[in-house]
Amino acid sequence: MKEMRKFRQTDVSRAVLVALCGTASLFAAPQVFAQQQGQSLQRVEVTGTNIRRTDTETPSPVQVITREEIENSGKANVAEYLQTLTADAQGSVPFTYGRGFSGATSAGISLRGLGANATLVLINGRRAAAAVLADDAQRTYVDLNTIPLDAVERVEVLKDGASAIYGSDAVAGVVNIILRKNFQGTQIKAQYGASQKGDGDEPKISLMHGRGDMDKDGWNWLVNLDASKKDAIYYRDRVGRGMVGVSAIGNPKYTDGFDPNGSSNNLARIGGNGWIANTASGARVNNSVTQSIIGSVRNPTTLDYYSRGEAPTAANGFTRAQPGAQAFCNQMANLPQNNPMGGCVTDIWQQVGQVQPDFKNYNLFTRFAKQINAETELAVELSYYHAESRIQNTGTTPSSAVNTPSGVPISQAATLIGAAHPDNPYFGTAARISYNPSLEPGFGPLVTSSESSTFRALASLKGRVWNWDYDTGLFYSEAKQTDTAEKRINVAVKNALLNPTTANVDAARAASAAYAALPAGTVWRIGENAGLNSPALYQALLQDQTRDGVSRMYGIDGKLTREFGMLGGGPIGVAVGAEYRHEMSNLPFYTGLGNYIGLSLTKYGGERDIWAVYTEGNFPVTKRIELNAALRYDHYSDAGSSVTPKVGGKVKALDNLALRATYAKGFRAPSFTENGIQSIAAFGGATVNDNARCAGTGVPSSNCLGVAPTFVQQGNPSLEAEKSTNWTVGGVWDITPKSSVTLDWWEIKRTGLPVIEDPQQAINNGQLTRDPSTKVTAADPGGILVGFVRFQNTSQSLTRGIDLDAKHRWDLGQGWGRLNFGLTWTHLLKQRVTDANGTVHEYAGTHGDCHITNCIGSPRDRIQFTTAWDMGRWRLAGVVNYRGSFNGIDEEGQPCWSAAIAGGRSIPAGCKVASFWTLDISGNYKINDRFEVYGSIQNLTDKKPPYDPETYGAIGYNPLDYSGAIGRFFRIGVKAKF
């Protein structure tokens, strides 16, 4: 088997030669190529410019990642690898992120921590359709899981704004994934992975076949097929790995000192599910409870909640004992029963939640290229990707609110257990019930299963005519996804089964034929008696609900490039081009919305046309000075027009030292989720103070300070595109022919950011609906049922940092091979957001900006160190990934996140989320020219993730530290080539 390629036709840059051969001098590389090409330097394409070049070190910083580097990392796919880059930061969407809007169905990258929608992802230099589900129902991005790993030739990461070249979204940078183009032979790979705990099994198989040689035959066809799966890993199987999966952080079992009666931005009562709150004086908090696995019931007279596990007393007023309830609690709970108010407490997240979901996929990619004549090449690319996932969270509860299409939920807090219900301890009187059925065998946790598919087609024609090089293409890309919300609660049937009044029964019979077929008097038995429920009861109570979403893009593009005249350093390069795209997206409501509990409120869609024209010039003023300028005009049918220029320059100060700088304007057009007139989505996680509820009403502070209600965000058709200004200044120094250092300073200013209104301000302004049924005092207006916010162009941001990239090759000699070392470091100097009213938020080194995905924090330092030893048939490699610590505060100047629920104390210690690092190793051995065995160990030292109670992307740890939650993970495989 062999892989041949023309240098001109496959965009192989000198940067790739550097990566493959260690760190051969960047400035010596043209001479190397000249010797290989008979003194005829070929021009190649480099991400960030439309003009082919002989010198691939442009004024813009570009990181080139080869297929070998990805293999050396031991990562399973492209997404996992890219999310270890030091330039990736806040807003990255990991595959394991099952609590977000994207629901662990896709993965995205967020360069510079500006969100996944500020990074443009290209495949072979062209756009692809965005994933159906937008991150936080706002940020659209290309799903990196759709990229077949074995078909990747290299990845080029442009760490600079590039709207003048590519248009919208290229604000923080561009990730260009370049696939193989001229492959001959057959390659088969089979591998298997599993954690040291024996779970998370990960089989994978791939086949790649290629025929024809573009150099000899004038054509090539290749096809790549791979299939893989990942088994779920559960929090309950990671008990003891620090605080992984622990949501009951305030339970007295743990000694951190959190108030068990408090709540956080992602957790309810932190004493545990079923915790009944008490005041500082030890009194029971009136009308306050969280759902219990055996049920807590409200005294109809005093309005205090009591656990069904209690014996009848004068205090609780029970009229009937529930003898098996407490025994069932003791059997099923994973926490000591230490609630002073007698609640049955357990940590349901730890019992049913996941570190990673079940996930399986297959990917087909094929490409055919034909050299029509000496100047013309036709190519056709087709790819199809299919994935299935199953995400499991805590279960829906009968007293959870019902989302409706209007955005105003219907409270179910007043759900009653009927007067004659056998599980009602107030037998003879209907009473409110607070119950969590996640551990019922016939009910189970909250499950959402998804099936997604992505199709991409491209027909391109490139060649030369009248001294112009041309490249044109027709493209089509589509992503589809079907989400199934399994076993959601039919509201009418729920009411009838718990409280079978005449009105409730009539409503249930009208709503459900399955309920009408049940025997008269059927009730839903709960807790210890749930085993008495028939399958027919669950069929009537629980039904699956679905939604089908689509994201589509198609268009045509074309560009012309050529050289004119001659300057002191060579000819002037010129490019002109045009592009037309049509984009559409549609995500409807779930079927049954308004009639079922547990359905997310998300809907968005729209379509638009985009026209663009652009030009670029490259001016080699002298042998040592190069200037570059680009200009692009984009018109969006729904968001207006943008003109974006870019200029750059490079000066070769010494033979081995080049200085470079760029200045660029950019823009990002609002997504359909942001400007759709019908766009609406409910979200949680925002922590606010309900000052109106606290003011002189007698409501305990734990019920009105630091609460996290549901918010509904709405689209704004009047949104304009956000604008950006990018600067980079840096240099490339070849210290020796085997050592090089690159250092770049960068800055990104954005204005007119489309952000939702500040949730706290919205609450202060009264943009909310209350739930009077949650009153705890006579003067209490009730808790916040929902708050309303709208997208608006208001905020500005400033992000600034430094990138360092160093490489060295050490030839060991005497048959010992060579060692390659690499170091990349990104240091965040500033991450600032300024609101419309002038309020400044400083996020660098803090847990913010929590308005961006996961609330994973903005550490100042991210470092990656790589080493690889090649010796004959052996290769050993190691990668250290390091994330610096950051303060456990929302932003500079704010108190420690834990202060409100930990008596003013700082938790974790010092109010810091500790730094985290992992060591991954890999190795392979070539048995002969045809067979190779390989393996890797992720997180070799079995590092546990630091405690991070603030993020809502995972429970107890930072979602990008998920390798620490999983623990040591092994992969082994075999590769055969024919």
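Because the structure is predicted, anything quoted here is derived from the model rather than measured. (Residues numbered from 1 in each chain as written. Predicted model: local features only at pLDDT ≥ 70, side-chain atom pairs only at ≥ 80, totals over all residues. Heavy atoms only, no water.)

**Concerning the overall build of the protein**
The test is simple: Counting from the N terminus, the helices are DSSP H or I runs at least four residues long and the strands are E runs at least two residues long. C-alpha atoms define the radius of gyration in this analysis, and the globule rule sets the expected value at 2.2 Å times the number of residues to the power 0.38. The buried label applies to any residue whose accessible area, calculated with a 1.4 Å probe on protein chains only, is under 20% of its type's maximum; exposed applies above 50%, and partly exposed to all values in between. Two residues form a contact once any of their heavy atoms are found within 4.5 Å.
When helices and strands are counted, the protein shows 15 helices and 39 strands. At 30 Å, the protein has a C-alpha radius of gyration in line with the 30 Å of a compact globule built from 978 residues. Along the three orthogonal principal directions, the C-alpha set of the protein runs to about 100 × 60 × 55 Å. When the 978 residues of the protein are sorted by exposure, 62% land in the buried category. Long-range pairs, those at least 24 residues apart, make up 70% of the contacts in the protein with a sequence separation of at least 6.

**Things to note about the sheet that holds strand 2 (residues 119-123)**
For clarity, the threshold we go by: Any two strands between which DSSP finds at least two bridges are classified as paired. Between N-to-C directions, angles span 0 to 180 degrees; the directions come from axes that are lines fitted to C-alpha atoms, helices contributing only their stretch in contact.
If you trace the 4 strands from one edge of the open sheet to the other, you get 1-3-4-2, paired in mixed fashion. Each end of this open sheet is capped by a strand with a single partner; those strands are strand 1 (62-66) and strand 2. Taking the axes of each pair of neighbouring strands and ignoring which way they run, one obtains an average angle of 15° across the sheet. Here 5 bridges tie strand 1 to strand 3 (residues 152-158), and the two strands are oriented antiparallel to one another. Bridge assignment links T66 to a residue of strand 3, and that residue is R154.

**Some details on the packing of aromatic side chains**
Heads up, the condition is: When two rings of Phe, Tyr or Trp (its six-membered ring) have centres within 6.5 Å they constitute a pair, described as stacked for plane angles under 30 degrees, edge-to-face for angles over 60, and tilted for the intermediate range. The rule is short: NZ of Lys or CZ of Arg within 6 Å of the ring centre and within 35 degrees of the ring normal puts a charge over the ring.
Enumeration over the complete set of coordinates arrives at 17 aromatic pairs. When the ring of F443 is compared with that of W524, the centres are 5.9 Å apart and the planes differ by 0°; the resulting orientation is stacked. Highlighted residues: F443 in the loop between strand 15 (431-434) and strand 16 (446-465) and W524 in the loop between helix 10 (513-516) and helix 11 (535-541), separated in sequence by 81 residues. On the accessibility criterion, F443 (3% relative accessible area) is buried. Of the aromatic side chains, those joined through ring pairs into one cluster are Y306, F318 and Y426. Cation over ring: R562 sits above F564, and NZ or CZ is 4.2 Å from the ring centre. Taking the ring centre of F672 as reference, the NZ or CZ of R608 above it sits at 4.7 Å.

**A few points about helix 8 (residues 491-498)**
The following threshold applies: Within 3.5 Å is the distance limit for a polar contact, defined as a pair of N or O atoms, with the added protein rule that one can donate a hydrogen and the other accept it, and that residues adjacent in sequence qualify only through two side-chain atoms.
Most of helix 8 sits out of view: 7 of its 8 residues are buried. By the burial criterion, the buried members of helix 8 are V491, A492, V493, K494, A496, L497 and L498. The N-cap of helix 8, judged by a side-chain oxygen 3.1 Å from the amide nitrogen of A492 a few residues on, is N490.

**With respect to the sheet that holds strand 9 (residues 296-298)**
The strand order 10-9-15-14 describes an open sheet built from 4 strands, whose pairing is antiparallel. Whereas interior strands pair on both sides, the edge strands pair on one side only; in this sheet they are strand 10 (305-307) and strand 14 (416-417). The sheet contact formed by strand 9 and strand 10 spans 3 bridges and is antiparallel. Residue pairing across strands places R298 opposite Y305, the latter belonging to strand 10.

**Quick word on the environment of N793**
Among the secondary structure elements, N793 is positioned in strand 30 (residues 783-811). Between the C-alpha atoms of N793 and S679, which are 114 residues apart in sequence, the distance is 16 Å. For N793, the residues in contact, after removing those within four places along its chain, are S718, L719, E720, G752, L753 and P754. Among the polar contacts listed, one links the side chain of N793 to the backbone nitrogen of E720, at a separation of 2.8 Å. Within polar-contact distance, the side chain of N793 engages the backbone oxygen of G752 at 2.6 Å.

**Examining the state of the cysteines**
Applied cut-off: Put simply, a disulfide is two cysteine sulfurs that come within 2.5 Å.
Taken as a whole and assessed by the stated rule, the structure comprises 3 disulfides. Sulfur-sulfur distance for the disulfide between C694 and C704 comes to 1.8 Å. In this structure, the disulfide formed by C694 and C704 twists by about 110° around the S-S bond and is classed as right-handed. Here C694, found in helix 13 (residues 691-694), pairs with C704, found in the loop between helix 13 and strand 26 (711-714); they are 10 residues apart in sequence, far enough to count as distant.

**Points about the environment of P959**
On the secondary structure map, P959 appears in the loop between strand 38 (931-938) and helix 15 (962-966). Of the residues examined, P959 reaches a relative accessible area of 1% and is grouped as buried. Along the chain, P959 and Y97 lie 862 residues apart, while their C-alpha atoms are 6.9 Å from each other.

**A closer look at the pattern of salt bridges**
This is how it is decided: For this document, the term salt bridge refers to a Lys or Arg side-chain nitrogen within 4 Å of an Asp or Glu carboxyl oxygen.
Counting across every chain of the model gives 52 salt bridges. The salt bridge partner of E486 is R390, with a shortest N-O separation of 3.9 Å. Residue E486 is located in strand 17 (residues 468-490), and its partner R390 is located in strand 13 (residues 376-393); the two are separated by 96 residues in the primary sequence.

**A short note on the packing of helix 8 against helix 9 (residues 502-511)**
What counts here: Helix crossings get a hand from a simple test, with the near helix turned counterclockwise from the far one by less than a right angle marking a left-handed crossing and a clockwise turn marking a right-handed one. Three classes are used, and their members are as follows: Ala, Val, Leu, Ile, Met, Phe, Trp, Tyr, Cys and Pro are nonpolar, Asp, Glu, Lys and Arg are charged, and the others, Gly among them, are polar.
Between helix 8 and helix 9, the shortest axis-to-axis distance is 8 Å and the interhelical angle comes to 140°. Between helix 8 and helix 9 the crossing geometry is left-handed. Counted together, A492, V493, N495 and A496 of helix 8 and N504, V505, A507, A508 and A511 of helix 9 form the full contact between these two elements. Of the residues that constitute the contact of helix 8 with helix 9, the class distribution is 7 nonpolar, 2 polar and no charged.

**What to know about the environment of Y636**
Along the polypeptide, Y636 turns up in strand 22 (residues 625-636). Along the primary structure Y636 and P670 are separated by 34 residues, whereas in three dimensions their C-alpha atoms are 9.9 Å apart. When near neighbours in sequence (up to four residues on either side) are disregarded, Y636 contacts S168, R581, R608, D609, I610, F667 and A669.

**Remarks on the pairing of strand 6 (residues 202-211)**
Residues E202, K204, S206, M208 and G210 line the buried face of strand 6, whereas the alternating positions P203, I205, L207, H209 and R211 sit on a face that is not buried. Note: strand 5 (residues 185-195) against strand 6, 9 bridges, orientation antiparallel. Its bridge partner being in strand 6, A190 is matched across the sheet by I205. In textbook terms, the turn of a hairpin is the stretch between consecutive antiparallel strands, and for strand 5 and strand 6 this stretch comprises 6 residues, one of which, G198, has a positive phi near 80°. Looking at chain direction, strand 6 and strand 7 (residues 219-230) are connected through 8 bridges and run antiparallel. Directly across from G210, in strand 7, lies its bridge partner L222.

**Brief notes about the nonpolar core**
One recurring pattern in soluble globular proteins is that nonpolar side chains are buried together. Definition in use: Side-chain atoms within 4.5 Å link the members of a nonpolar core, which is a set of buried Ala, Val, Leu, Ile, Met, Phe, Trp, Tyr and Cys residues.
Counting 34 residues, the largest nonpolar core has I65, L82, I109, V152, V155, V175 and I177 as the members making the most contacts within it. If you list the elements that add at least two residues to this core, you get helix 4 (78-82), strand 2, strand 3 and strand 4 (173-179). With 4 residues, the top contributor of residues to this core is helix 4. Ignoring anything within four residues of it in the chain, the contact list for L82 reads I65, D88, I109, L144, V155 and V175.

**What to know about the side chain of R862**
For R862, the position within the fold is in strand 33 (residues 861-871). At a separation of 3.3 Å, a polar atom in the side chain of R862 contacts the main-chain carbonyl oxygen of D88. Beyond its immediate chain neighbours, meaning those up to four positions away, R862 contacts T86, D88, A89, Q90, T824, W825, T826, Y882, R883 and L960.

**Notes on the confidence of the model for the protein**
Keep this limit in mind: Each residue carries a pLDDT score, the predictor's own confidence in it, on a scale running from 0 to 100.
Put simply, the protein has an average pLDDT of 90, and 94% of its residues get 70 or more. Contacts of residues 1-40 to residues separated by more than four positions or lying in other chains number 110 contacts, the stretch itself having pLDDT below 50.

**Examining the side chain of D849**
What counts is decided by this rule: His residues and chain termini do not enter the charge count, which takes Lys and Arg as positive and Asp and Glu as negative.
Structurally, D849 is set in the loop between strand 32 (840-842) and strand 33. One buried charged residue, D849, remains without a salt bridge, the closest side chain of opposite sign being R750 at 6.8 Å. Those residues in contact with D849 that lie beyond four places of it in its chain are Q90, V833, Y843 and S858.

**Some points on unusual backbone geometry**
A cis geometry characterises the amide bond from G848 onward to D849, with omega recorded as 5°. Despite not being glycine, L303 has its phi angle at roughly 70°, a positive value. By secondary structure assignment, the location of L303 is in the loop between strand 9 and strand 10. In the Ramachandran plot, D942 falls in the positive-phi region, its phi being about 55° despite a non-glycine side chain. Residue placement: D942 occurs in the loop between strand 38 and helix 15. Under the relative-accessibility criterion, D942 is labelled buried at 17%.

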